[in-house]
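The residues making up each chain are set out below.
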Amino acid sequence: MNGYRVLVAVLHKEMLTEWRSRDRVIAMLIFSLLVVVIYHFALPELPSSEVPSTVSGLLWSAYLFAAILGLNRSFSAELENHALTGLAMAPLDRGWIFLGKALANFILLIFIQALTATAFALGFDLDLRSLFLPLAGIFALGAVGITSVGTLFAAIAVRTRNQELLLPLLLLPLLMPILIAATTATRALLLGEPVPGTPVRMLVMADTIFLVLSFICFEYVLDD
Amino acid sequence: MNSSTTTHWIDRNAAKLGTPSLLLALLLTAVWAVSVVTAPVDSAQGLIQKTLYVHVPCAFAAYMGFVITGLCGIMYLWKEETAYDRLAYAAAEVGILFCSLVLITGPIWARGTWGKWWSWDARLAVTVLLWFLYLAYLLLRSFSEGSPRTARFAAIYGVVGVPVIILNYFAIDLAGGRAMHPDNLEQGSLGAGMGMPFLLGVLAILAIFFHLLFTRTEVETLRAEELRTHLLSDSH
């Protein structure tokens, strides 16, 4: 079975199980919308000039926490009926299993990002329509970084004690470069500045490093 | 996988170098202490500037610990020899110790010169992130069960952690992290009479670092040997 077919099979299975249960996507969505409401009450009334620079950080912290919530469940279903052992024993390159899983997590996160950004736009009175394309690009670049290294460590955390406790502690320090670059780029866009080159290059660099390392390291995760 | 826990070069050398590295560390620390006491007092900062002789060498030792953890992680994944895992574990623990010292001495110095305990300066932010990163590494080890699995998971985290150290540096500069740290070291312009105590500080701290690293590795080797003996006696 070649790599591409493995990727498609894993992606299809992930999307189908998510479509049937909708557990993760609903939990992630409700969580990130709750965050919008919490930020509204936690923050003082912001003058309209300060909203764009503040919202970018709030948006990305909501994405990060929602992503970790979803990633925590990414491999839980595989523990039932020894499905993870089945995956480990399959005669194929495990990197492609990783890519299938990571792509499914990426699609979920992009969906949550779009809905949460809409909620932020309504809640904080921002007009994001003219920024749709550049914002979508930054969201996608950030999501690649979060879901690549996130999927790798979700596979690790699921085979430890206290996985729900461990995953955020493992991921948050690792994802700091992504958070800083994505927040900087989003802030510039919301302030009406052109797409900033340095944070975008930083995101591309971090995504590449995380994807390559995760693809290689996943080979060692499923061994017993 | 290497089943023996005593024949690997790391285990042999860690056991052999423990005492010489202790003697070297004691000697260098004594000379270092004298040179710090006799070093000139900085005209602008006063006595508090002498924190430099502890703070910066500790930062070098912390980085060295984390890089050794990453390199040993790569070696463990490649060779699957448990000695690399023991060295990686020891280096992370000793690295955390020195990173904690950096985070303790830094605010003491900052209070004396900047007037406040903490600032989100790029280097401070990177150091505190590093501290969290390797605390998570130790937590991952304690939450994982089964020796080869723990070693593999920790090795992966150690390997991914190294590029993050570099990425964080760029990222925090990008976010406009205020650079309050002096650039003296980069420009090679330490005041007259301050170069020698600084150099001795680096050598003494590195000697202490390696002594702790060798001792901690030896403890892990003995623990692994005891476990192996215990398992063998159970099986007979």
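Residues numbered from 1 in each chain as written. Chains lettered and ligands numbered in written order. Predicted model: local features only at pLDDT ≥ 70, side-chain atom pairs only at ≥ 80, totals over all residues.

**Concerning the overall build of chain B**
Consideration 1: Of regular secondary structure, chain B possesses 7 helices and 0 strands.
Consideration 2: Starting at the N terminus and ending at the C terminus, chain B contains elements arranged as α-α-α-α-α-α-α.
Consideration 3: Looking at chain B as a whole, 42% of its 236 residues are labelled buried.
Consideration 4: Across chain B, every contact between residues at least 6 apart in sequence was considered, and the portion connecting residues at least 24 apart equals 82%. (Helix = DSSP H or I, 4+ residues; strand = E, 2+ residues; numbered from the N terminus. Buried ≥ 20, exposed ≤ 12 C-beta atoms within 10 Å, placed from the backbone. Contact = placed C-beta atoms within 7 Å.)

**Quick notes on helix α10 (residues 197-221) of chain A**
Consideration 1: Helix length check: α10(A) (25 residues) gives 35 Å between terminal C-alpha atoms against 36 Å at 1.5 Å per residue, within 8%.
Consideration 2: For α10(A), the principal kink sits at Phe215(A) and spans about 30°.
Consideration 3: Burial in α10(A) covers these residues: Pro199(A), Met202(A), Leu203(A), Ala206(A), Asp207(A), Phe210(A), Ser214(A), Cys217(A), Phe218(A) and Val221(A).
Consideration 4: Along its buried surface, α10(A) packs onto α6 (94-123), α7 (132-157) and α9 (176-190) of chain A together with α5 (147-174) of chain B. (Expected span 1.5 Å × (residues − 1). Bend = angle between axes of the 7 residues up to and from the residue.)

**Section: the nonpolar core**
Consideration 1: Formed by 137 residues in total, the largest nonpolar core has its most connected members in Leu170(A), Ala181(A) and Ala88(B).
Consideration 2: Excluding anything up to four places from it in sequence, Ala181(A) contacts Pro199(A), Met202(A), Leu203(A), Ala206(A), Ala171(B) and Leu174(B). (Core = buried A, V, L, I, M, F, W, Y, C linked by C-beta atoms within 7 Å.)

**Some remarks on the interface of chain B and chain A**
Consideration 1: Listed by partner, the interface residues are 26 residues for chain B and 26 residues for chain A.
Consideration 2: Those elements that place two or more of their residues in the side of chain B that touches chain A are α4 (122-143) and α5 of chain B.
Consideration 3: Tallying contributions element by element places α5(B) first for the side of chain B that touches chain A, with 15 residues.

**Observations regarding the confidence of the model for chain B**
Residues and elements named next belong to chain B.
Consideration 1: Within chain B, residue pLDDT values average 84, and 89% of them lie at 70 or more.
Consideration 2: By mean pLDDT, helix α6 (residues 184-187) is the weakest element of chain B at 50, and helix α2 (residues 52-79) is the strongest at 92.
Consideration 3: Across residues 1-5 the pLDDT falls below 50, and counting only partners more than four positions away or on other chains, this stretch makes 10 contacts in the model.
Consideration 4: Complex prediction metrics read pTM 0.87 and ipTM 0.89. (pLDDT = per-residue confidence, 0-100.)

**Quick word on the packing of α9(A) against α5(B)**
Consideration 1: Two elements in contact, α9(A) and α5(B), have axes separated by 8 Å at closest approach and are oriented at 25°. Accordingly, the angle class assigned to the pair α9(A) and α5(B) is roughly parallel. Of the two possible hands of crossing, α9(A) and α5(B) adopt the one that is left-handed. Judged by residue contacts, Met176(A), Pro177(A), Ile180(A), Ala181(A) and Thr184(A) of α9(A) engage Val164(B), Leu167(B), Asn168(B), Ala171(B), Ile172(B) and Leu174(B) from α5(B). (Axes fitted to C-alpha atoms, helices over the stretch in contact; angles between N-to-C directions. Parallel < 35°, antiparallel > 145°, perpendicular 65-115°, else oblique. Left-handed = near helix turned anticlockwise from the far one by under 90°.)

**Notes on the packing of α7(A) against α10(A)**
Residue and element names in this part refer to chain A.
Consideration 1: Put simply, α7 and α10 touch, their axes get as near as 8 Å, and they point 20° apart. Compared by their axis directions, α7 and α10 come out roughly parallel. Read as a crossing pair, α7 and α10 show a hand that is left-handed. Residues Leu-141, Gly-142, Val-144, Gly-145, Ser-148, Val-149, Thr-151, Leu-152, Ala-155 and Ile-156 of α7 form the contact with α10, whose participating residues are Val-200, Leu-203, Val-204, Ala-206, Asp-207, Phe-210, Leu-211, Ser-214, Cys-217, Phe-218 and Val-221.

**Points about α4(B)**
Consideration 1: Given a rise of 1.5 Å per residue, 22 residues ought to cover 32 Å, and the 31 Å separating the end C-alpha atoms of α4(B) matches this to within 8%.
Consideration 2: Those residues of α4(B) lying buried are Ala122(B), Leu124(B), Ala125(B), Val126(B), Leu129(B), Leu130(B), Leu133(B), Tyr134(B), Ala136(B), Tyr137(B), Leu140(B) and Phe143(B).
Consideration 3: Residues of α4(B) that are buried sit in contact with α8 (163-174) and α9 of chain A together with α2, α3 (82-113) and α5 of chain B.

**A few points about the environment of Leu203(B)**
Consideration 1: Residue position: Leu203(B) is located in helix α7 (residues 195-235).
Consideration 2: Here the alpha-carbon distance between Leu203(B) and Arg223(B), two residues 20 residues apart in the chain, equals 30 Å.

**Details of unusual backbone geometry**
All names here are of chain A.
Consideration 1: Even without being glycine, Arg-22 reaches a positive phi, approximately 55°.
Consideration 2: Within the secondary structure, Arg-22 is located in the loop between α1 (3-21) and α2 (23-42).
Consideration 3: With a phi close to 55°, Asp-125 is a non-glycine residue in the positive phi region.
Consideration 4: Within the secondary structure layout, Asp-125 lies in the loop between α6 and α7.

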